[in-house]
Amino acid sequence: MSFFVVQFLTGLASAASLFLVACGLSIIFGVTRIVNFAHGSFYMLGAYLAATIVATLPVGIFSYWGSVLVAALVVGLIGIVVEIVVLRRIYHAPELFQLVATFGVVLVVQDLTLAIWGPADKLGPLAPGLDSAVNIGGQLLPEYDVALIILGPAVLGLLWLLFHRTRWGTLVRAATQDREMVGALGVNQRRIFTSVFFLGACLAGLGGAVQIPREPISLMMDLNVIAEVFVVVVIGGMGSILGAFLAAVIIGELNAFGILIFPEITLVLLFLVMAVVLVIRPRGLLGKPELTVGAQPAQIAAIHLPGPATKLAMGVLFAVLALVPLFAGDFLLVLLIEVMLLALFAASLHFIMGNGGMVSFGHAAYFGIGAYGAALAVVHSDSPMELALVLAPTAAGLAGLVFGWFCVRLSGVYFAMLSLAFAQIAWSVVFQWYEVTGGDDGLLGIWPSEWASDRFAFYYLSLIIVAGGVLMLRRMIFSPFGYALRAGRDSPLRSDAIGINLRHQQWASIVIAGAFAGLAGGLYAFSKGSVFPDAMSIPRSVDALVMVLLGGVDTLAGPLVGAAALIGLEDAISRFDYWRLILGLVIILICVTAPNGIVGSLKLAFAGRRERE
Amino acid sequence: MLEASGIDAFYGQAHILHGVGLSVGRGEVLALLGRNGAGKSTTMKSIIGLVRPAAGSVRLDGAELAGLPPHEIARAGIGYVPEERRVFTELTVMENLSVGLQPARDSTPTWTPERLFELFPNLAEMRDRQGGRMSGGEQQMLTIARTLMGNPRVILLDEPSEGLAPVIVDQMARTVQELKRDGLTVLLSEQNLHFASAVADRATIIEKGIIRYSGTMAALAADEEARAAYLTV
C-alpha cells in the first residue's frame with residue numbers, strides 16, 4: 001500500500017515542473033495567441049542558470065532557493081527581449097510564421113547555451129535541507145519531492161490571486177477574451193503582451209530551475225520538455241491554468257504508474273489517454289471553444305492552375321535536372337538527390353498545409369516512418385529495394401491513418417501541437433526500441449538494388465519518382481478533391497453546409513501526404529545507406545516547414561525552391577561551429593521580413609510592377 | 001469638437017469609406033444614419049482606430065488622431081461602444097468596469113462605479129455577475145458604463161438600440177438624453193429613425209460609404225425625399 005502512496009506522491013512531484021512550464025505556455029497563448037515553441041528553451045535556460053548561480057554562492061537553503069528565483073527572473077527578462085525583438089513584429093502574421101519564428105529562437109538559444117555551458121551534461125546540486133528522504137511505511141520519498149508537491153498548488157493559488165485580485169490580472173483576462181476591445185478602452189496592449197510574456201517565461205524558467213536536483217541538465221531539455229508540455233496543454237485545454245494543473249498531474253501519475261505496469265510503453269499509455277480526452281473533449285478538459293481572432297482568410301492567396309509559362313518552366317527544370325549528370329560531379333549529384341527528396345517531402349507538407357490549411361508540426365513522422373519502414377524491411381527480412389520502396393509509403397500512409405484520425409478533430413494551433421506530439425512519440429519509440437531500430441546507432445547497410453547502386457542510376461530513379469510524386473500531388477490539388485480541401489480551409493462552416501465531409505477530406509489528405517513523405521523518406525534511407533532517429537526529429541519537421549515557408553505557402557513551386565534554398569543554406573553554413581545560431585537567425589529574419597516566401601515575394605514584386613505599368 | 005474629414009477606409013481590397021466627413025459640436029448629439037452595410041460601423045471604427053484610415057483626418061479639439069493606435073485615441077478622450085457590445089463575458093460587472101478605468105480629466109465629469117450605478121440602476125444589483133450571464137439590454141448598459149469609466153469627452157455609440165426590446169430602447173434613449181444633459185458629446189449611429197429623433201440634434205446620412213446628407217434632425221423630419229432616398233428599405 002505504502003508503495004503505491006509513494007509512487008503517487010512521486011507522480012505529483014514530477015507534475016510540478018511540468019505544470020509550471022505548461023501554464024506559462026498557456027498564459028502566453030491566451031493573450032498573444034502565439035504558441036511559443038521556445039518555451040522549452042526558457043525551461044532549459046532556467047535549469048542552466050540556476051545551477052550556475054547556486055554554484056557561485058555558499059551552500060545554504062536561502063542561496064539555493066534564492067538562485068532558483070533569480071534564475072526564473074533572469075529567464076523572464078530574456079523572455080522580454082525575445083518578445084520585443086521577435087514576437088512583436090509577427091503578432092499579426094499567420095500562426096505558421098509565429099511557430100516557425102519561435103523555433104528560430106529555439107535554435108539560437110541552443111547554440112548560445114552550447115557556447116556558454118559546453119556540450120557536457122551537468123549535474124545540479126542537491127537542495128540544502130531537503131537532501132534526505134522521508135520514510136512512508138517503509139518506502140522512501142525524497143524530501144525535495146515533498147517540496148515540489150507543495151510548490152505546484154502554491155503557484156496555482158498565487159496565479160489565481162494574481163489573475164483575480166489585481167487590476168493587471170483583470171486586464172489580462174479581458175485581453176484573453178477580446179484584446180482589441182481592451183485596446184479600444186485605452187489600455188496599452190503592448191505592455192500587457194510584454195508583461196504576460198515575462199510572467200510566462202519566468203514560470204518556464206522556474207520549472208527548469210526546480211528540476212536541477214532531479215535530472216541532469218543537458219542541451220536536450222528544451223525539445224524533450226516541449227513535446228510533453230504540448231501534450232499537457234492539449235489535454236488540459238489551451239488557456240486554462242487549472243486545466244494545465246490537472247493535465248500535468250494526470251501525466252505525472254501516468255508516468256509514475258505506467259512504469260510499473262508497462263515500463264516499455266509509458267509513451268503509448270500517454271498517447272491513449274490523450275486520445276480518449278480529445279475524442280470526448282476536443283478542446284481539452286477545461287478548454288474553451290477557440291475564439292476567432294483576426295482576419296486570417298484575407299491573407300490566403302488563391303492557388304492558380306499552372307499557366308503555360310509555369311508548365312514550360314517546370315518542363316525546362318525537369319530537362320535541366322535530367323541533363324545535369326552528364327557534366328556534374330559526384331558531389332553535386334549527391335546534393336541534388338537530397339534537394340529532390342526533400343522537395344518531395346516539402347511538397348507533401350504543402351499539400352495539407354497550403355492547400356488544406358493544416359499546419360503540421362510533425363510531418364517528419366511520416367518521412368521517418370517511411371525511412372524506417374524501408375530500412376527495417378531491408379535489415380530484418382532482407383527485402384529488395386523495390387519492395388522496401390513500396391513498404392515505405394504504405395507504412396507512412398498507415399501512420400497517417402492513425403495520427404490523422406486524431407488530428408482532424410482539431411484545428412489551428414491544437415492541430416500543430418498534436419501533430420508535433422505524435423512525431424515526438426514516434427521519435428521516442430524509434431530512439432528507445434534499441435533491439436529493433438538500433439536506437440541512437442541507427443540502421444546501417446541500406447543499399448539500393450544492384451541496378452540502382454550506381455550514382456547516375458540512383459539519381460535518375462530519384463528524379464523520376466520525385467517528378468512523378470510532385471505531378472501527382474499537383475494533379476490532386478486541381479481535382480475536385482483539392483478544391484473541396486481548399487473550401488474547407490477557407491470556410492469550414494460553408495463547406496460543411498454544401499455537403500463536404502471536411503474531416504474525411506482532411507483525413508484522406510493526411511494519409512496521402514503521409515504516403516508521399518514516406519516515399520521520400522524511403523528513398524532517402526537508400527540514398528544515405530543508413531537511417532537515424534533524427535529522420536523524424538522535431539528539427540526535421542521544422543525543416544519541412546521552413547522549406548514551404550522559404551518558397552511561400554501560396555505557391556506550388558514554393559516547396560521546390562524552398563528545398564533548394566534550405567539545403568544550399570545548410571551546406572553553406574554547416575562548416576561553422578555554430579550553424580544552428582545562423583540558421584535560427586535566418587529563420588527569424590525571414591519570418592519577420594518576408595512573410596510571403598521567396599516565390600511569393602517574387603510574384604508580388606512582379607504583380608506590383610505590372611500594376612504600375 | 002470632433003471633426004472627421006476625407007476618411008477612406010478599406011477591408012483588404014474592398015473600398016468601404018469614400019472621403020467620409022462629419023463634425024460633432026461640444027455637447028451635441030449627432031446621429032449617423034444609414035441602411036445596413038452603409039458604412040456606419042466602419043466610420044466609427046475608423047475614428048477609434050480599430051480600422052486604420054487609408055486617408056483623411058480625425059481631430060479632437062484640433063489634435064490629429066488618425067493613424068494612432070486605438071488605446072492612444074481612447075486616452076485622448078474618445079470612448080467607443082461597439083455594436084456587438086463585446087462585454088467581457090468571463091469578467092464580473094465590476095471587473096468589466098475596472099478594465100475601462102482611466103485617469104480623471106479636467107474637462108469632463110469623472111465617472112465612478114457608484115455614479116454609473118445611479119445612471120443604470122439595474123447594474124447596481126448585479127455587481128458580481130459575469131458579463132456572459134446578462135441579458136442583451138443589461139450588456140448594452142454595461143458596455144456603455146464600461147466606456148464611461150474612461151471619462152471620455154466624446155462617446156461613439158454604435159447602434160445602441162439594435163436587438164433590444166422596445167421598453168429597453170426607450171430606457172436607452174433616456175440614458176443618452178441624461179448623458180447629453182451632463183455635457184457629454186455623442187456620436188451615435190442608428191438605423192432606428194425613431195430612436196435617433198428622440199435623442200439627436202443633427203443627423204448625417206451615409207450611403208455606400210459616401211456622406212449624402214447633413215442637417216438638423218428637424219430638417220430631416222421635414223425632408224421626406226431624403227428619408228425615402230437614403231433610409232427607407
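- Chain B appears in an unreviewed UniProt entry as High-affinity branched-chain amino acid transport ATP-binding protein LivF from Oceanibacterium hippocampi.
- Recorded in UniProt for chain B, the comment headed Sequence similarities (unreviewed entry) runs: "Belongs to the ABC transporter superfamily."

- Going by what an unreviewed UniProt entry lists, chain A is known as High-affinity branched-chain amino acid transport system permease protein LivH and is assigned to Oceanibacterium hippocampi.
- Per UniProt, chain A carries the Subcellular location (unreviewed entry) text "Cell membrane".
- The heading Sequence similarities (unreviewed entry) in the UniProt record of chain A holds the text "Belongs to the binding-protein-dependent transport system permease family. LivHM subfamily."

## Quick word on the overall build of chain A
Here's step 1: What chain A contains, in helices and strands, is 24 helices and four strands.
Here's step 2: Its C-alpha atoms give chain A a radius of gyration of 25 Å, within 12% of the compact-globule value 25 Å for 613 residues.
Here's step 3: Overall size of chain A, expressed as C-alpha extent along the three principal axes, is 70 × 60 × 50 Å.
Here's step 4: Put simply, chain A has 613 residues, and 56% of those count as buried.
Here's step 5: A sequence separation of at least 24 residues applies to 81% of the contacts in chain A between residues at least 6 apart.
Here's step 6: Only carbon and sulfur atoms are counted for the fraction: they give 70% of the accessible area of chain A, which is about 25,000 Å².

## Quick notes on the sheet that holds strand β3 (residues 29-33) of chain B
Residue and element names in this part refer to chain B.
Here's step 1: Read across the sheet, six strands follow the order β6-β7-β8-β3-β9-β10 without closing on themselves; strand pairing throughout is mixed. Each of the sheet's edge strands pairs with one partner strand only, and the pair in question is β6 (78-81) and β10 (210-216). Each neighbouring strand pair of the sheet contributes to a mean axis angle of 15°, computed without reference to strand direction.
Here's step 2: Bridge count for β6 against strand β7 (residues 154-158) is four bridges, and the pairing is parallel. Note on β7: the bridge partner recorded for Val 81 is Leu 157.
Here's step 3: The strands touched by helix α6 (residues 136-148) are β6 and β7; relative to β6, the strand with the most contacts, the crossing angle is about 165°.

## A closer look at a nonpolar patch on the surface
Residue and element names in this part refer to chain A.
Here's step 1: A contiguous nonpolar surface patch, about 460 Å² in accessible area, is contributed by Phe 3, Phe 4, Leu 260, Ile 261 and Phe 262.
Here's step 2: Of all the elements in the fold, those that place two or more residues in the nonpolar patch are α1 (2-32) and α9 (241-261).
Here's step 3: With respect to the helices, strands and loops of the structure, Ile 261 is situated in helix α9.
Here's step 4: For Ile 261, a relative accessible area of 56% translates into the label exposed.

## Quick word on the packing of helix α3 (residues 93-100) of chain B against α6(B)
Residue and element names in this part refer to chain B.
Here's step 1: Relative to each other, α3 and α6 sit at 35°, their axes nearing to 7 Å. In this structure, the crossing between α3 and α6 has a hand that is right-handed. Only Leu 142, Ala 145 and Arg 146 of α6 make contact with α3, whose side of the interface consists of Val 93, Asn 96, Leu 97 and Gly 100.

## Points about the sheet that holds strand β1 (residues 2-11) of chain B
Residue and element names in this part refer to chain B.
Here's step 1: Here we have four strands laid out as an open sheet, ordered β2-β1-β4-β5, and antiparallel in their pairing. At either end of the open sheet lies a strand with only one pairing partner, and these are β2 (14-24) and β5 (63-64).
Here's step 2: Inspection of the sheet shows β1 paired to β2 by seven bridges, in the antiparallel sense. Paired with Tyr 11 across the two strands is Ala 14, which belongs to β2.

## Details of the pairing of β10(B)
Residues and elements named next belong to chain B.
Here's step 1: For strand β9 (residues 202-207) and β10, the ladder comprises six bridges, and the chain directions are antiparallel. Looking across to β10, one finds that Thr 204 is bridged to Ser 214.
Here's step 2: Adjacent in sequence and paired antiparallel, β9 and β10 are bridged by two residues, among which Lys 208 carries a positive phi angle near 45°.

## What about helix α18 (residues 480-490) of chain A?
Here's step 1: Of the positions making up α18(A), those classed as buried are Gly482(A), Ala484(A), Leu485(A), Arg486(A), Gly488(A) and Arg489(A).
Here's step 2: Next to the buried residues of α18(A) lie α12 (330-353), α17 (455-477), α19 (492-497) and α20 (502-528) of chain A.

## Digging into the pattern of salt bridges
Residue and element names in this part refer to chain A.
Here's step 1: Enumeration over the complete set of coordinates arrives at 19 salt bridges over all chains.
Here's step 2: A salt bridge links Asp 111 to Arg 580, with the shortest nitrogen-to-oxygen separation between them at 3.4 Å. In this pair, Asp 111 is assigned in helix α4 (residues 95-117) and Arg 580 in helix α23 (residues 579-593), connecting sequence segments 469 residues apart.
Here's step 3: Using a relative accessible area of 1% as the deciding quantity, one classes Asp 111 as buried.

## A closer look at the environment of Thr176(A)
Here's step 1: Within the element layout of this structure, Thr176(A) appears in helix α6 (residues 167-184).
Here's step 2: Sequence spacing of Thr176(A) and Val86(A) is 90 residues, and the spatial spacing of their C-alpha atoms is 21 Å.

Criteria and thresholds
- Residues numbered from 1 in each chain as written.
- Chains lettered and ligands numbered in written order.
- Predicted model: local features only at pLDDT ≥ 70, side-chain atom pairs only at ≥ 80, totals over all residues.
- Heavy atoms only, no water.
- UniProt positions renumbered as here; feature names shortened; annotations may be inferred.
- Helix = DSSP H or I, 4+ residues; strand = E, 2+ residues; numbered from the N terminus.
- Rg over C-alpha atoms; globule rule 2.2 N^0.38 Å.
- Buried < 20%, exposed > 50% of the residue type's maximum accessible area, 1.4 Å probe, protein only.
- Contact = heavy atoms within 4.5 Å.
- Areas by Shrake-Rupley, 256 points an atom, 1.4 Å probe, with all protein chains shown as cover.
- Pairing = 2+ DSSP bridges.
- Axes fitted to C-alpha atoms, helices over the stretch in contact; angles between N-to-C directions.
- Patch = residues over 30% accessible without salt bridge, like charges linked within 9 Å, V, L, I, M, F, W, Y side chains within 5 Å.
- Salt bridge = Lys/Arg side-chain N within 4 Å of Asp/Glu carboxyl O.
- Left-handed = near helix turned anticlockwise from the far one by under 90°.

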